[in-house]
Each structure stands twice: as C-alpha cells, then as structure tokens.
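# Report on the structure
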Amino acid sequence: MGKLVIISGPSGSGKTTVCKLLEKEPNVKKSVSVTTRPPRYDEKNGESYYFVNNTEFKEMIQRGELAEYATYCNYYYGTPLNALKEALKKEIIYLLEIDVQGAIQIMEKFPEVISIFLLPPDKDTLHNRLIKRNTNKKKDMEVRLKTAAKELEFKDRYNYCVINDNLDTTVNTIRKILNIS
Ligand code: ADP
Ligand code: 5GP
C-alpha cells in the first residue's frame, strides 16, 4: 500500500523546490495535476502539469476523473484520480502538491493522508522569493500574496507545519516525517 502525502503552502513557500528534492528518492513520486493556467517558460506538458483548456477541464470534472479540484487565482487545478489510485496500489510515497481547498477534499476522501503545510519564514521572505522566481506578472503576484494570507488560516488543519527557512533542514524534516531513510 502506498502512502499519500499532501504538501500545501502559499505560493513561493517552496513546495515545488522541496518536492523535487524529495522526488530524488526512487520510491517518491509526485502527482501531475491538470490545470487551465498557461505554462511558465520552464514547464513541460505532462511533467509539471497537464495543461488543458476550460472545456477540457470541465469535461474531466463531469467524467469524475479528478480526485479533487479547485480554482486558484482564476485558474482551475485538479488531481487525476486514476493515477492516484494506481500509485496507492504500489509501495510508494505519492506527493500531492495542492492548495488548501483541494487538501480539505483529499483529507475527507482519504483520511489516512499525511498533510504538511509549508510556511515561509516571514512575509518579506515570501515576497522576495516570488520576485526572485520571476514567473508571475506584477498583478498576478499581488493576488498570490493576498491569497497567501487566506491560506495561512488553514494551517491548523494539517498534521504538520514546517517552516522552510534553510532548504536542507526543511527537506530533512519532511524526510523524517515520512520515514524516508
Ligand atoms: P512554490 O512551489 O511553493 O510556489 P517554489 O518552490 O517555486 O515555491 O519556490 C519559490 C522560490 O523560492 C524559488 O525561486 C525557489 O528556488 C526559492 N526557494 C525555495 N525554498 C527556498 C529556501 N529554503 N531558501 C531560499 N530560497 C528558496
Ligand atoms: P502554481 O500556479 O504556482 O503552479 O500553483 C498555484 C497553486 O495551485 C499552488 O498552491 C499549488 O499547490 C496548487 N495546485 C497545483 N496543483 C493542484 C491540484 O491538482 N489541485 C489543487 N487543489 N491545487 C493545486
């Protein structure tokens, strides 16, 4: 039986970076979500996300192909259900890098899930990391920072809160939580 793990946190808290490092372990895999957001310059279809249009996303909802879905900053995001079910049949750690709305749906459907909320050390650091990443337009970044404040209100619903200050420390803390040797 696989282990299902949610990693949430405000945009820029370091979810993608941390998941990439965790994924270096052969038994750790990350779910590839479906989204209507346009790809960033360094994102490949089928690797970072499956990029679809609104009609395609709505059809997936209607066909029951998503384990959860949510709207985040005006775009749809969802977790493919089949891939999740297949992953759980194997002895792997399956990471869901999803927002708080999706996390709550997964906690209800899969109560055995381990949930981790990644926190930035402080607001300024979050702002600076988003600027450094430089993948969002100014307007989009403002929306993401506003959304961050709302997301923080959900942190107590998670099993663990981890402050992502030093990256190595963060990854080691999560490895311990997940019993990765
Ligand atoms: P998220 O997926 O949560 O939106 P990212 O993983 O894209 O966040 O990280 C946002 C930016 O912050 C990236 O440029 C990343 O390299 C940087 N970053 C992530 N974690 C750390 C850390 N612990 N220390 C310094 N920079 C970090
Ligand atoms: P980004 O646009 O920065 O890649 O992601 C924006 C937000 O959407 C992040 O909080 C990310 O965790 C979340 N997200 C990514 N995939 C999914 C998904 O499949 N479902 C939900 N609910 N949120 C997702």
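Report on the accompanying structure. Keep in mind that this is a model prediction, so the values were computed, not measured. (Residues numbered from 1 in each chain as written. Chains lettered and ligands numbered in written order. Predicted model: local features only at pLDDT ≥ 70, side-chain atom pairs only at ≥ 80, totals over all residues. Heavy atoms only, no water.)

## Looking at the overall build of the protein chain
What the protein chain contains, in helices and strands, is seven helices and nine strands. Here the C-alpha radius of gyration of the protein chain, 16 Å, is about what a compact globule of 181 residues would show, namely 16 Å. Its C-alpha atoms give the protein chain principal-axis dimensions of about 45 × 40 × 30 Å. Evaluated residue by residue, the protein chain yields a buried proportion of 48% over its 181 residues. Accessible surface, the protein chain as shown: approximately 10,300 Å² in total, 50% of it carbon and sulfur. Taking the average location of the 29 positive side-chain charges in the protein chain and that of its 24 negative ones, the two points are 2 Å from each other. (Helix = DSSP H or I, 4+ residues; strand = E, 2+ residues; numbered from the N terminus. Rg over C-alpha atoms; globule rule 2.2 N^0.38 Å. Buried < 20%, exposed > 50% of the residue type's maximum accessible area, 1.4 Å probe, protein only. Areas by Shrake-Rupley, 256 points an atom, 1.4 Å probe, with all protein chains shown as cover. Lys, Arg positive; Asp, Glu negative; His and termini not counted. Charge placed at Lys NZ, Arg CZ, Asp CG, Glu CD.)

## Thoughts on the pattern of salt bridges
Applying the stated criterion across every chain yields a total of eight salt bridges. Between Glu 43 and Arg 40 there is a salt bridge; the shortest N-O distance is 3.9 Å. Exposure class is identical for Glu 43 and Arg 40. Each is buried. Residues joined by salt bridges that share partners form a network here, namely Arg 37, Arg 40 and Glu 43. (Salt bridge = Lys/Arg side-chain N within 4 Å of Asp/Glu carboxyl O.)

## Here's the deal with the site of ligand 2
Looking at ligand 2, there are 16 residues lining it, with Ser 33, Arg 37, Tyr 49, Tyr 77 and Asp 99 nearest. Within the contact set of ligand 2, a nitrogen atom lies 2.7 Å away from a side-chain nitrogen or oxygen of Glu 68. Contact distances for ligand 2 include 2.8 Å between an oxygen atom and a side-chain N or O atom of Arg 144. Contact with the protein chains removes 96% of the 510 Å² of surface that ligand 2 exposes when unbound. Listed by contribution, the elements that provide at least two residues to the shell around ligand 2 are strand E5 (66-72) and strand E6 (75-80). (Near = heavy atom within 4 Å. Polar contact = N/O pair within 3.5 Å; in protein donor to acceptor, adjacent residues only side chain to side chain.)

## Here's the deal with helix H6 (residues 138-152)
For H6, which comprises 15 residues, the first-to-last C-alpha distance of 21 Å matches the rise-based estimate of 21 Å (1.5 Å per residue) to within 8%. The set of residues buried in H6 consists of Met 141, Arg 144, Thr 147, Ala 148 and Glu 151. Considered in projection along H6, the buried side chains sweep an arc of 120 degrees and stay on one side of the axis. Summarising the geometry of H6, the exposed residues directed more than 90 degrees from the buried face are Lys 138, Lys 139, Lys 146 and Lys 150. On its buried face, H6 sits against E5, E6, helix H4 (100-109), strand E8 (114-119) and helix H5 (123-133). (Expected span 1.5 Å × (residues − 1). Arc of directions from axis to C-beta. Contact = heavy atoms within 4.5 Å.)

## So, the site of ligand 1
Of all residues adjacent to ligand 1, which total 15 residues, the nearest are Gly 12, Lys 15, Thr 16, Thr 17 and Arg 133. Here Gly 12 contributes a backbone N or O atom positioned 2.8 Å from an oxygen atom of ligand 1. Between ligand 1 and Lys 15 there is a distance of 2.8 Å, counted from an oxygen atom to a side-chain nitrogen or oxygen. Coverage of ligand 1 by the protein amounts to 81% of the 570 Å² it exposes when considered alone. Contributing elements (two or more residues each) for the shell around ligand 1: helix H1 (15-22) and H5. Within the shell around ligand 1, the residues separate by chemical class into two nonpolar, seven polar and six charged. (Nonpolar A, V, L, I, M, F, W, Y, C, P; charged D, E, K, R; others polar.)

From the geometry alone we can't say anything about function, so treat these as descriptive.
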